[in-house]
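Secondary and tertiary structure notes
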Amino acid sequence: MMLSYILKLLVLLPLVCGLMIGCLYLWRKLEGRLPGRGVAATRTLRVTETMMISPGLRLAVLEFEGRRLLVSVGRGGVNLVDRGTSA
């Protein structure tokens with residue numbers, strides 16, 4: 001009984017540790033590809049804030065060339081709602 005527990009422990013413990021290390025490695029590799037991360041300083045378009053209005057409609061504030069734009073994003077596409085002032 002005790003021998004089977006130790007054998008399982010010797011097999012599963014390195015497997016779990018390997019999975020954790022693999023997940024951390026993948027997270028570090030793919031972190032730059034996440035939206036809003038990475039090379040944000042060199043981008044001309046930035047999503048400042050989003051808000052869900054209904055299940056199919058979302059409002060987003062975008063900054064582009066020093067201006068703020070309010071757009072609605074839905075299943076039908078993206079529509080400009082308002083041009084804001086300079087950021």
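Before going into details, it helps to say that this report is about the structure given with it. (Residues numbered from 1 in each chain as written. Predicted model: local features only at pLDDT ≥ 70, side-chain atom pairs only at ≥ 80, totals over all residues. Heavy atoms only, no water.)

Counting its regular elements, the protein chain contains one helix and four strands. Written out in order from the N terminus, the α and β elements of the protein chain read α-β-β-β-β. Evaluated residue by residue, the protein chain yields a buried proportion of 7% over its 87 residues. Excluding contacts between residues fewer than 6 apart, the proportion of contacts in the protein chain whose partners are at least 24 apart in sequence is 1%. Surface accessibility of the protein chain: about 7,800 Å² in total, with carbon and sulfur atoms responsible for 65%. (Helix = DSSP H or I, 4+ residues; strand = E, 2+ residues; numbered from the N terminus. Buried < 20%, exposed > 50% of the residue type's maximum accessible area, 1.4 Å probe, protein only. Contact = heavy atoms within 4.5 Å. Areas by Shrake-Rupley, 256 points an atom, 1.4 Å probe, with all protein chains shown as cover.)

A surface patch of nonpolar side chains, about 850 Å² in accessible area, is lined by Met2, Leu3, Tyr5, Ile6, Leu7, Leu9, Leu10 and Leu13. Position of Leu13 among the secondary structure elements: in helix α1 (residues 2–30). Exposure remark for Leu13: the relative accessible area of 48% places this residue in the partly exposed category. (Patch = residues over 30% accessible without salt bridge, like charges linked within 9 Å, V, L, I, M, F, W, Y side chains within 5 Å. Salt bridge = Lys/Arg side-chain N within 4 Å of Asp/Glu carboxyl O.)

Bringing the side chain of Glu63 into the picture now. Mapped onto the fold, Glu63 is located in strand β2 (residues 57–64). By relative accessible area, Glu63 is classed as buried at 16%. At a separation of 3.3 Å, a polar atom in the side chain of Glu63 contacts the side chain of Thr48. (Polar contact = N/O pair within 3.5 Å; in protein donor to acceptor, adjacent residues only side chain to side chain.)

Per the counting criterion, the structure on display carries two salt bridges. Arg46 is paired through a salt bridge with Glu63; the nearest N and O atoms lie 3.1 Å apart. Within this pair, whereas Arg46 is found in strand β1 (residues 45–54), its partner Glu63 is found in strand β2, the two being separated by 17 residues in sequence. We note a salt bridge from Arg68 to Glu63, for which the minimum N-O separation is 3.6 Å. Sharing partners across several salt bridges, the network here consists of Arg46, Glu63 and Arg68.

So, about the environment of Thr44. Within the secondary structure layout, Thr44 lies in the loop between α1 and β1. When the C-alpha atoms of Thr44 and Glu63 are compared, they prove to be 7.9 Å apart, with 19 residues separating the residues in sequence. Excluding its chain neighbours within four sequence positions, the residues that come into contact with Thr44 are Glu63, Phe64 and Glu65.

Both faces of the sheet carry side chains from a regular strand, because those side chains alternate between them. Relative to β2, β1 runs antiparallel, the two sharing eight bridges. The residue bridging Arg46 from the neighbouring strand is Glu63, located in β2. Where β1 folds back on β2, the antiparallel hairpin that results is connected by two residues. (Pairing = 2+ DSSP bridges.)

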